[in-house]
Structures are given as structure tokens and as C-alpha cells.
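Letter by letter, the chains look like this.
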Amino acid sequence: MRAVEITKPGGPEVLKPAERPKPVPKENEILVKVAAAGVNRPDVLQRTGNYAVPPGASDLPGLEIAGEVVGGSTKHFKPGDKVCALVAGGGYAEYCVAPEVQALPVPRGLTPVQAASLPETFFTVWSNVYDRARLAPGESLLVQGGSSGIGVTAIQMAAATGNRVFATAGSDEKCAACVRLGAAEAFNYKAQDFEKEILRVTGGKGVDVILDMVGGDYVPKELKCLAEDGRLVFIAYLRGPKTEMNIDTVMRRRLTISGSTLRPRPVEFKGEIARSLREKIWPLIESGRIRPEIYKTFPLEQAAEAHRLMESSQHIGKLVLTV
């Protein structure tokens, strides 16, 4: 089968088209003929040698796919079914195996490209914002990096579940996109102090939950703009993994700080997330209240170009490879 592999750690140029054997599904796995595969920040980290492949996973990049079931387990799906799936690797290829419980039917009305943009960000947002940070109806959420793939998902999902959402982004254009997608307000972090703006729009109370992929020197400011009993959850640290914080603030205001990575978690854990998404979020997608935000597509063989665009941070929403 056609695939794109990482020939060695390095820049986008190390992504090269290759021929690989078609993968063979194990017990409780399905074989999917891939129509499209999402491009995500962890793919970039893997390419640069900074994100280890979990034991037993494909060394090919790609954590989310959409396509047609052509073999493997048939407990929930049969050959010909259109699915999207979260995978531990191997998405940049014509065929990919996925644990059956991590696959979901393509929501009605969505194209393969749109469906391929869902799993990685939707699993991540649900797991961290709703399961880990326990965002409840009526609470407020601040999304750092609101125009990223994770960001546009978090904004739409939280707005659709009855939450007041705020976001940060790096340009006025990106901030406008965040508002279009459902944010009450969005702040250009290059021109505005998000701590002051959040306290202003919340009347000094702060927000209940912050979804952070920035880390570093953002953390002290984030603690100051959390409400009492607020929750801060990390999913990345683009400004570095180390910070300095005031523990007294955490204690006095009963703050909770957490974080997670999704890729190494067990299949059973991801299957639980898939069941929650199908029950709670898939109907919102099918009703049009949540829409995939696709910035650009690339043929599989141009994966390097997709990575260059992702690293430029010029995009708003998702980048997808077509197979």
C-alpha cells in the first residue's frame, strides 16, 4: 500500500512516500481503507523525535482516519460501513487498522474529509474538558489557542453544550473566527492581556475551566483568572513544560491543576470516550450545531507541505490528507 513514513527525525522534508505491507487486523480490530487522515500537532512532535510511538503501534504517523471498513472484527461494523477512528499511529496510509471500540460511524451529512478531522480533537476535548475538568452546563471555559484544531473543537463543543466560551488567538482574523464558531469573546494575545480581559468580561470572577496547550509563563496568569474551585487542564506546553506558580493561590481558591496525554492510554479508556461522544456529541454534529472546520486539504504524498503549514500556525481549524 501507499504510505508516508518518517525516514529520520527532522523537518518536514523527512516525510517520504513509501510502499508498506497492508496491515493485518488483530482480534477486535477493523481494517479501514483510508479516504482521509487528519494532521495533528503530535504528528509533528513524532516527526521531530519528540513523541515516542507507543509499544505495538505503527511507526507511521497519523492518529485519526476516515474511510470504509474492509475487514477485521465485525461485532459493531460490517464491510462497507463508513467510519472515522482514533488510532495510535498508521493514519498516513491507504489502509489502517483501528480498535473497533475507537471507531465511530461517520456522522450523517459529513464527507470523509470532514469525518477524518474529528477523532483526535474530539476525543481529546471530551476527555480533558468534560471528564477531567468536569465542565458543567452553565459554567465558563477559556480555550488557549482557540484557532487550532483542538481550539475550534473545544469552542464549538462547549458552546453547543450550554457553556460561555472565551478564547485566545494570535491575530484579529483568528479571534474573529473564534467568535464565529461560538466564543462569546476572543482576545489577541499579541495585543491584549488575556488575564485582564477575562477578569473584565467575568466581572472579576474568572472562568471555571481553562484548557491550556501553552504552558510556560501563561500558568501564573491563568491561575489568577480562574474562578474559585476552578480547573486548569494541560494538553500541551508550546511555551515550555516548566513554570513558576503561587501555591497559596491554589490553596485559598481551591484550584485543581491537571493534564493528560491521550495516545498511550489503553484501548478500553478510549472506547469509553467514543461511547460518550456517540451519545452526547454525534447528535450535535448531525444536527449542524457543531461543524468540522477544515482549513486545507493535501494529497497524502504532500504530507510534508501539510506539516510546514501546521508549523507556521497560519491555519484556522484542521488540516487533512486525502488518500
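Before any of the text, the structure's been laid out above.
Residues numbered from 1 in each chain as written. Predicted model: local features only at pLDDT ≥ 70, side-chain atom pairs only at ≥ 80, totals over all residues. Heavy atoms only, no water.

Peer 1: How should I be thinking about the nonpolar core in this particular structure?
Peer 2: It is characteristic of soluble globular proteins that their nonpolar side chains tend to be buried jointly. Counting 67 residues, the largest nonpolar core has Phe-122, Leu-141, Leu-277, Ile-281 and Trp-282 as its most contacted members. Excluding residues that lie within four positions of it along the chain, Ile-281 makes contacts with Phe-122, Trp-126, Met-157, Thr-161, Ser-276 and Ile-290. In terms of nonpolar packing, the next biggest core, distinct from the first, is built from 16 residues, Ile-6, Leu-15, Leu-300 and Leu-309 among them. (Core = buried A, V, L, I, M, F, W, Y, C linked by side-chain atoms within 4.5 Å. Buried < 20%, exposed > 50% of the residue type's maximum accessible area, 1.4 Å probe, protein only. Contact = heavy atoms within 4.5 Å.)

Peer 1: Quick question: what am I supposed to make of a nonpolar patch on the surface here?
Peer 2: Together, Met-245, Ile-247, Met-251 and Ile-257 give the surface a local cluster of nonpolar side chains, amounting to about 380 Å² of exposed area. Within the fold, Met-245 resides in the loop between strand S12 (226-234) and helix H8 (247-252). (Patch = residues over 30% accessible without salt bridge, like charges linked within 9 Å, V, L, I, M, F, W, Y side chains within 5 Å. Areas by Shrake-Rupley, 256 points an atom, 1.4 Å probe, with all protein chains shown as cover. Salt bridge = Lys/Arg side-chain N within 4 Å of Asp/Glu carboxyl O. Helix = DSSP H or I, 4+ residues; strand = E, 2+ residues; numbered from the N terminus.)

Peer 1: What exactly am I supposed to notice about unusual backbone geometry here?
Peer 2: Most peptide bonds adopt trans geometry, and most residues besides glycine take a negative phi value. Unusually for a residue other than glycine, Asn-28 sits at a positive phi of about 70 degrees. Tracing the backbone through its elements, the reader meets Asn-28 in the loop between strand S2 (15-19) and strand S3 (29-39). Unusually for a residue other than glycine, Arg-134 sits at a positive phi of about 55 degrees. Mapped onto the elements of the fold, Arg-134 is located in the loop between helix H3 (119-132) and strand S8 (140-143).

Peer 1: Would you explain helix H5 (residues 172-181) in this entry?
Peer 2: Each α-helix turn comprises 3.6 residues. Residues three or four places apart therefore point the same way. When we look at burial in H5, the residues that qualify are Lys-174, Cys-175, Ala-177, Cys-178 and Leu-181. Angular distribution of buried residues about the axis of H5 spans 155 degrees; they occupy a single face of the element. Of the exposed residues in H5, the ones pointing more than 90 degrees away from its buried face are Asp-172, Glu-173 and Arg-180. At its buried positions, H5 is contacted by helix H4 (149-160), strand S9 (164-169) and strand S10 (185-188). In the stretch just after H5, Gly-182 is the one whose phi turns positive, near 135 degrees. (Arc of directions from axis to C-beta.)

Peer 1: What is the right way to read the sheet that holds strand S11 (residues 207-212) from this model?
Peer 2: For sheets, the rule is that strands pair by backbone hydrogen bonds, running either parallel or antiparallel. On the basis of which strands lie adjacent, the open sheet formed by 6 strands has the order S10-S9-S8-S11-S12-S13 and parallel pairing. The two strands at the open ends of the sheet, each matched to only one other strand, are S10 and strand S13 (256-259). Averaged over all neighbouring strand pairs, the angle between strand axes comes to 15 degrees, with direction disregarded. By the bridge criterion, 5 bridges tie S11 to S12 in an arrangement that is parallel. Considered in S12, the bridge of Val-207 is made with Leu-226. Sheet contacts for H3: S8, S11, S12 and S13; angle to S12, the most-contacted strand, approximately 155 degrees. Across the sheet, helix H6 (residues 194-201) touches S8, S9, S10 and S11, and the angle it forms with S10 is around 160 degrees. (Pairing = 2+ DSSP bridges. Axes fitted to C-alpha atoms, helices over the stretch in contact; angles between N-to-C directions.)

Peer 1: I tried to follow the side chain of Gln-46 on my own but got confused; where do I start?
Peer 2: Examined against the element boundaries, Gln-46 turns out to sit in helix H1 (residues 41-47). Polar side-chain contacts of Gln-46 include one of 3.0 Å to the side chain of Arg-263. What Gln-46 contacts, discounting residues up to four positions off in sequence, is Ile-6, Tyr-51, Val-53, Asp-59, Leu-60, Pro-61 and Arg-263. (Polar contact = N/O pair within 3.5 Å; in protein donor to acceptor, adjacent residues only side chain to side chain.)

Peer 1: Sorry, what's going on with the side chain of Glu-29 here?
Peer 2: By secondary structure assignment, the location of Glu-29 is in strand S3. For Glu-29, which is buried and forms no salt bridge, the nearest opposite charge comes from Lys-26, at a distance of 5.4 Å. Side-chain polar atoms of Glu-29 contact the backbone nitrogen of Lys-26, separated by 2.8 Å. Here Glu-29 is in contact with Val-24, Gly-72, Ser-73, Val-97, Ala-98, Pro-99 and Glu-100, once residues within four sequence places are set aside. (Lys, Arg positive; Asp, Glu negative; His and termini not counted.)

Peer 1: Could you clarify how one ought to interpret the packing of H3 against helix H9 (residues 267-286) in this entry?
Peer 2: A packed helix pair is summarised by two numbers, namely the angle formed by the two axes and the spacing between the axes. Look at H3 against H9: their axes get within 10 Å of each other, and the N-to-C directions meet at 100 degrees. Here H9 runs roughly perpendicular to H3, going by the angle between their axes. Every residue of H9 that contacts H3 at Phe-122, Phe-123, Trp-126 and Ser-127 is listed here: Phe-269, Lys-270, Ile-273, Ala-274, Ser-276, Leu-277, Lys-280, Ile-281, Trp-282 and Ile-285. (Parallel < 35°, antiparallel > 145°, perpendicular 65-115°, else oblique.)

Peer 1: Got a minute to help me understand the pattern of salt bridges in this structure?
Peer 2: Two side chains bearing opposite charge may form a pair once their charged atoms approach each other closely. Taken as a whole, this structure holds 20 salt bridges when the rule is applied. Two residues, Glu-139 and Arg-231, come together in a salt bridge whose shortest N-O distance is 2.6 Å. Note that Glu-139 is positioned in the loop between H3 and S8 and Arg-231 in strand S12, a separation of 92 residues in sequence. Like Arg-231, Glu-139 is buried.

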